[in-house]
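# Structural overview
Below are the chains, spelled out letter by letter.
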Amino acid sequence: MFEHNLNKRFLLVGFFPKGFSDDRIMPHLEELDSLVKTYGGETVAVSIQRGFQPSRVTYVGSGKAQEIAEKVAAEKIEVVVLNDILKSGQLYTLEKIWQRGNLQIKVWDKVGLILHIFDLHADTAESKLQIKLASFRHMGPRIYGMGYVLSRQGGGIGTRGIGETNTEIMKRHWRNEIRLIKGKLAKIVKDHETHIGKRKKSGTLSVSLVGYTNSGKTSLYNALTGKNKLVEDKLFATLDSSLGRLYLPEINHPVLLSDTIGFISQLPPLLFDSFKSTLMESLNSDLILHVIDISDQYIDSKIKVVEDILRQDLKLENRRQINVFNKTDKVSLEIIKIFKNKYPEEKTCFVSSVKGQGLDILKQRITQELKELL
Ligand SMILES: Nc1nc2c(ncn2[C@@H]2O[C@H](COP(=O)(O)OP(=O)(O)OP(=O)(O)O)[C@@H](O)[C@H]2O)c(=O)[nH]1
Ligand SMILES: [Mg+2]
């Protein structure tokens, strides 16, 4: 749905509250930079502003916006990404300002960047529809290119002239399109529900993998099912859910393991909503395995992000769950000990999906949990 030109030169822009130390800013910029890398771009410059609140018109202050325009020209920037969710009017205004530095400049907010990444990775009808829906909602009728300009003209000359009529037509078109996409998605979800219903009746048990993006969910899925799904050192390598068979000698029922899209902090709500049906379907299981990258320097905040989404957004607070600390091959025994002491033993596992360590204990824990259900 988008045109992709990879290997672009990116400038990151962040607005943070006054008094925010560099230490608090860094994780946000690092994550944005990882997203840029995931998209295949290169961050060549960063611009930070601290203040009380972003401008309603230009997000950053107007002086800062000018300064960035100069940077765009000097550093030959092709895409500017803002580490936040902006209004389409703000994006439009900034694009106009920064075109002074590069006529072809693209201005994206965090949602725009993630949508472009999703679009690159989407390969089923369902995820393509979800991205289309999220893009339509995010960009509004502006998605047709002229919407915003026309509505401004209409208002500007004080008429209810042709501009406004066109905008109305576009708005209607846009609303219709959204309705159509939603209809198609609802049908796919219904088909899935029928499948799930059949599976439940036949006594099939289900286990789902959840976790922060890049924690190793797909690697663990491959290690447990013997499959060979794409694993990448990138955020959002996985967009679509997949199901594989898990063999547990002591359980006389078929057990299915599902792998799905990873979570991220400040996941734009609109994106979250668009993917919620896929997520719910995959997470509506008998047991959740929360996969955690034990070597991640921001491990505690990432655990919290996932737990909050599971409990608050998805209302899955009473599910059976095992915490699976992955990538143990990358850390010392001392680090493992810290987490061993922090989490209840029977609900926790330490594995290396790549080295195949700890998988037997994990299977025992899964067996134990599922047995209690039978
Ligand atoms: N050293 C080490 N690396 C691992 C381990 N498990 C996964 N990785 C690496 O971590 C990166 C991410 O792995 P994935 O399995 O794609 O992670 P994911 O959680 O499915 O990621 P998304 O689908 O992008 O959300 C890859 O480079 C893997 O090779 C592990 O046990 N040890
Ligand atoms: Mg994955």
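Residues numbered from 1 in each chain as written. Chains lettered and ligands numbered in written order. Predicted model: local features only at pLDDT ≥ 70, side-chain atom pairs only at ≥ 80, totals over all residues. Heavy atoms only, no water.

Put simply, helix α4 (residues 110-121) and helix α5 (residues 125-139) touch, their axes get as near as 10 Å, and they point 160° apart. The angle between α4 and α5 places the two elements in the roughly antiparallel class. Crossing geometry of α4 relative to α5 is assigned as left-handed. Facing Val111, Gly112, Leu115, Phe118 and Asp119 of α4, the residues of α5 in contact are Ile131, Ala134, Ser135 and His138. Of the residues assigned to the contact of α4 with α5, the class counts are 5 nonpolar, 3 polar and 1 charged. (Axes fitted to C-alpha atoms, helices over the stretch in contact; angles between N-to-C directions. Helix = DSSP H or I, 4+ residues; strand = E, 2+ residues; numbered from the N terminus. Parallel < 35°, antiparallel > 145°, perpendicular 65-115°, else oblique. Left-handed = near helix turned anticlockwise from the far one by under 90°. Contact = heavy atoms within 4.5 Å. Nonpolar A, V, L, I, M, F, W, Y, C, P; charged D, E, K, R; others polar.)

Okay, α5 next. Here α5 is 15 residues long and its end C-alpha atoms lie 21 Å apart, about the 21 Å a rise of 1.5 Å per residue gives. Here α5 lies mainly inside the structure; 11 of its 15 residues are buried. Along α5, the residues that are buried comprise Glu126, Ser127, Leu129, Gln130, Ile131, Leu133, Ala134, Ser135, Phe136, His138 and Met139. Immediately beyond the C-terminal end of α5, within one or two residues, lies Gly140, with a positive phi of roughly 65°. (Expected span 1.5 Å × (residues − 1). Buried < 20%, exposed > 50% of the residue type's maximum accessible area, 1.4 Å probe, protein only.)

Time to look at the sheet that holds strand β1 (residues 9-17). As summarised here, the arrangement of the 4 strands in space is β2-β1-β3-β4, forming an open sheet in which the pairing is parallel. With one partner strand each, in any of the chains shown, β2 (42-51) and β4 (106-109) form the two edges of the open sheet. Each neighbouring strand pair of the sheet contributes to a mean axis angle of 20°, computed without reference to strand direction. Taken together, the 9 bridges between β1 and β2 define a ladder with parallel strand orientation. When the bridges of β2 are listed, Gly14 appears paired with Ile48. Running at roughly 170° to β2, helix α2 (residues 62-74) makes contact with β1, β2 and β3 (79-82) of the sheet. Relative to β4, helix α3 (residues 88-98) is tilted by about 145°, and along the sheet it contacts β3 and β4. (Pairing = 2+ DSSP bridges.)

Here Asn323 lies in strand β9 (residues 321-326). According to the relative accessible area criterion, Asn323 is buried, its value standing at 10%. Expressed as a C-alpha distance, the spacing of Asn323 and Ile292, which sit 31 residues apart in the sequence, is 7.3 Å. Those residues within four positions of Asn323 in sequence are excluded, and the remaining contacts are His290, Ile292, Glu307, Tyr343, Lys347, Thr348 and Cys349.

Grouped burial of nonpolar side chains is what soluble globular proteins tend to show. Core analysis: the biggest nonpolar cluster contains 41 residues, and Leu35, Leu113, Phe118, Phe236 and Leu310 have the highest contact counts within it. Residues Tyr221, Leu287, Cys349 and Leu359 belong to the second largest nonpolar core, which totals 22 residues. (Core = buried A, V, L, I, M, F, W, Y, C linked by side-chain atoms within 4.5 Å.)

Turning our eyes to something else, we now look at the sheet that holds strand β5 (residues 205-211). Strands sit in the order β6-β7-β5-β8-β9-β10 across an open sheet of 6 strands; the sheet is mixed. Each edge of the open sheet carries a strand with a single partner, namely β6 (242-246) and β10 (348-350). Strand-to-strand twist across the sheet, computed as the mean angle between neighbouring axes with direction ignored, equals 25°. Where helix α9 (residues 269-283) meets the sheet, its contacts fall on β5, β7 (255-259) and β8 (287-293), and the angle it forms with β5 comes to roughly 130°.

Below, the discussion takes up the domain arrangement of the chain. Partitioning the chain into domains gives domain 1 (9-119), domain 2 (122-183) and domain 3 (203-371). With 11 residues of domain 1 at the contact, the number on the domain 2 side is 9 residues. When domain 1 packs against domain 2, the two sides together hide about 900 Å² of surface, and 66% of this comes from carbon and sulfur. Considering only the surface of domain 1 that becomes buried against domain 2, Ser88, Tyr92 and Leu115 emerge as the three largest contributors, covering 54% of it. For the pair domain 1 and domain 2, the interface holds 0 salt bridges. Our count for the contact surface shared by domain 1 and domain 2 stands at 2 residue pairs in polar contact (both at pLDDT 80 or more). Elements with a contribution of two residues or more to the side of domain 1 that touches domain 2: α3 and α4. (Domains from an automatic or database assignment. Buried area = accessible area lost by both parts, 1.4 Å probe. Salt bridge = Lys/Arg side-chain N within 4 Å of Asp/Glu carboxyl O. Polar contact = N/O pair within 3.5 Å; in protein donor to acceptor, adjacent residues only side chain to side chain.)

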